[in-house]
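These are the residues of each chain, in order.
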Amino acid sequence: MDKFAFDIAHFLAGSLVLVSLMLLYQDRLSALLNVFAFQAVVLALSVSWQAYVQGAPHLYLTAAIALIVKAIVIPVALHRMIRRLGIHREVETALNVGTTMLAGLALVALSIVVVLRVTADAGTLAREDLAFALSVVLLGLLMMVTRRNAVSQVVGFMSLENGLILAATGAKGMPFVVEISVAFSVLVAFIVIGIFLFRIRERFDTVDLQALDDLRERRG
């Protein structure tokens with residue numbers, strides 16, 4: 001891989017980490033969903049570039065799935081869901097934004113240190129892509145832990161899965177059947193979570209997980 005191709009791949013993978021940090025910063029559901037859609041666009045560009053430099057045409061379909069499903073279908077569906085549920089626009093967090101961002105930066109640094117040491121014998125591009133991918137995965141987990149709203153936790157789960165796709169494509173791709181199964185498993189999980197959210201709203205009139213915990217404690 002020449003220097004230009006390497007720089008573009010490095011820039012796109014790094015941009016995915018930056019957008020993941022932007023997800024942690026958002027405190028409104030509408031903005032959170034818009035940033036997630038942007039993350040999916042960056043992922044699609046990164047996978048497309050990997051398809052080009054690796055000579056792996058099947059990755060173009062992976063990029064198309066990410067673009068159509070994650071950048072368009074899922075954000076639009078979630079926007080409609082929060083309007084139908086009447087969810088408050090503010091995203092409630094277990095930690096304040098500053099603390100969450102510092103934790104996110106620490107996880108990115110940890111990912112880079114760990115992956116670069118463990119994969120010392122691997123290719124440069126694969127090592128750095130894996131470091132960025134692990135960062136995205138950990139940032140997605142951090143969002144799921146620090147956000148109390150169920151919709152924002154769904155976004156964290158989807159962001160985590162974006163990191164797994166980045167890792168797989170950066171490591172010379174993965175079998176096409178696995179890519180399809182991952183995409184459909186995410187869709188199935190999204191549908192199940194959507195039904196679950198509607199049931200919560202119908203039963204408890206909220207999707208705030210802290211409110212549900214308080215209700216359980218009072219009944220206990």
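All figures in this text were calculated on a predicted structure; none of them were measured in a lab.

Calculation criteria
Residues numbered from 1 in each chain as written. Predicted model: local features only at pLDDT ≥ 70, side-chain atom pairs only at ≥ 80, totals over all residues. Heavy atoms only, no water. Helix = DSSP H or I, 4+ residues; strand = E, 2+ residues; numbered from the N terminus. Contact = heavy atoms within 4.5 Å. Areas by Shrake-Rupley, 256 points an atom, 1.4 Å probe, with all protein chains shown as cover. Phe/Tyr/Trp six-rings, centres within 6.5 Å; stacked < 30°, edge-to-face > 60°. Buried < 20%, exposed > 50% of the residue type's maximum accessible area, 1.4 Å probe, protein only. UniProt positions renumbered as here; feature names shortened; annotations may be inferred. Axes fitted to C-alpha atoms, helices over the stretch in contact; angles between N-to-C directions. Parallel < 35°, antiparallel > 145°, perpendicular 65-115°, else oblique. Nonpolar A, V, L, I, M, F, W, Y, C, P; charged D, E, K, R; others polar. Left-handed = near helix turned anticlockwise from the far one by under 90°. Patch = residues over 30% accessible without salt bridge, like charges linked within 9 Å, V, L, I, M, F, W, Y side chains within 5 Å. Salt bridge = Lys/Arg side-chain N within 4 Å of Asp/Glu carboxyl O. Core = buried A, V, L, I, M, F, W, Y, C linked by side-chain atoms within 4.5 Å.

Observations concerning the overall build of the protein
Item 1. Tallying secondary structure elements over the protein gives eight helices and zero strands in all.
Item 2. Listing every helix and strand of the protein by position from the N terminus yields α-α-α-α-α-α-α-α.
Item 3. Pairs at least 24 apart in sequence give 77% of the contacts found in the protein among residues at least 6 apart.
Item 4. Accessible surface, the protein as shown: approximately 11,200 Å² in total, 67% of it carbon and sulfur.

What about the packing of aromatic side chains?
Item 1. Taken as a whole and judged by the stated rule, the model has two aromatic pairs.
Item 2. Residues F4 and W49 carry aromatic rings whose centres are separated by 6.3 Å and whose planes lie at 85° to one another, so their mutual orientation is edge-to-face. A residue pair is termed long-range when its members are at least 10 positions apart, and F4 in helix 1 (residues 3-25) and W49 in helix 2 (residues 29-54) qualify at 45 residues.
Item 3. On the accessibility criterion, F4 (57% relative accessible area) is exposed.
Item 4. Between W49 and Y52 the ring centres are 5.3 Å apart and the planes differ by 40°, which places this aromatic pair in the tilted class. Residue W49 and its partner Y52 are located together in helix 2, separated by three residues, close to a single helical turn.
Item 5. Every member of this aromatic cluster is reached through a ring pair, and the members are F4, W49 and Y52.

What about the UniProt feature "transmembrane region" (unreviewed entry) in the protein?
Item 1. Look at the UniProt record and you will see "transmembrane region" (unreviewed entry) annotated at residues 6-25, 32-52, 58-82, 94-118, 130-147, 154-171 and 177-198.
Item 2. Helix makes up 100% of residues 32-52 and strand 0%. Its end C-alpha atoms lie 30 Å apart.
Item 3. Across residues 130-147, the secondary structure splits into 94% helix and 0% strand, with the terminal C-alpha atoms separated by 26 Å.

What about the packing of helix 1 against helix 6 (residues 150-170)?
Item 1. Put simply, helix 1 and helix 6 touch, their axes get as near as 12 Å, and they point 170° apart. By the angle between their directions, the pair helix 1 and helix 6 is classed as roughly antiparallel. Residues A13, L16, S20 and L23 of helix 1 lie in contact with helix 6, whose contacting residues are V155, S159, N162 and L166.
Item 2. In terms of residue class, the contact of helix 1 with helix 6 is made up of five nonpolar, three polar and no charged.

Re the packing of helix 1 against helix 4 (residues 97-118)
Item 1. Following both chains from N to C, one finds helix 1 and helix 4 inclined at 155°, their axes separated by 9 Å at the closest point. With respect to each other, helix 1 and helix 4 are oriented roughly antiparallel. Helix-helix and strand crossings are classified by hand; for helix 1 and helix 4 the assignment is right-handed. Every residue of helix 4 that contacts helix 1 at V17, L21, L24 and Y25 is listed here: V97, T100, M101, G104, L105 and V108.

Examining a nonpolar patch on the surface
Item 1. A grouping of L67, I68, I72, V73 and V76 is seen on the molecular surface, where their side chains present a nonpolar patch of about 400 Å² in accessible area.
Item 2. Mapped onto the secondary structure, V76 falls in helix 3 (residues 58-85).

Quick look at the nonpolar core
As a rule of thumb, nonpolar side chains are buried together in soluble globular proteins.
Item 1. With 40 residues, the main nonpolar core has L23, L43, L78, V155 and L166 as its most contacted residues.
Item 2. At the level of secondary structure, the elements contributing two or more residues to this core comprise helix 1, helix 2, helix 3, helix 5 (124-146) and helix 6.
Item 3. Take this core: its biggest share by element is 10 residues, from helix 2.
Item 4. With near-sequence residues (within four places) excluded, V155 lies in contact with L23, L32, L33, F36, L78 and M143.

Some words on the environment of G163
Item 1. Turning to its location among the elements, G163 is positioned in helix 6.
Item 2. When its relative accessible area of 1% is taken as the criterion, G163 is described as buried.
Item 3. The spacing of G163 and S135 is 28 residues in sequence and 7.6 Å in space, taken between C-alpha atoms.
Item 4. If we skip the residues at most four places from it in the chain, G163 touches A133, V136 and V137.

A short note on the pattern of salt bridges
Item 1. Counted under the stated rule, the structure contains one salt bridge.
Item 2. Taking the shortest distance from any N to any O, the salt bridge between K70 and E161 comes out at 2.0 Å. Within this pair, whereas K70 is found in helix 3, its partner E161 is found in helix 6, the two being separated by 91 residues in sequence. E161 shares its class with K70; the two are buried.

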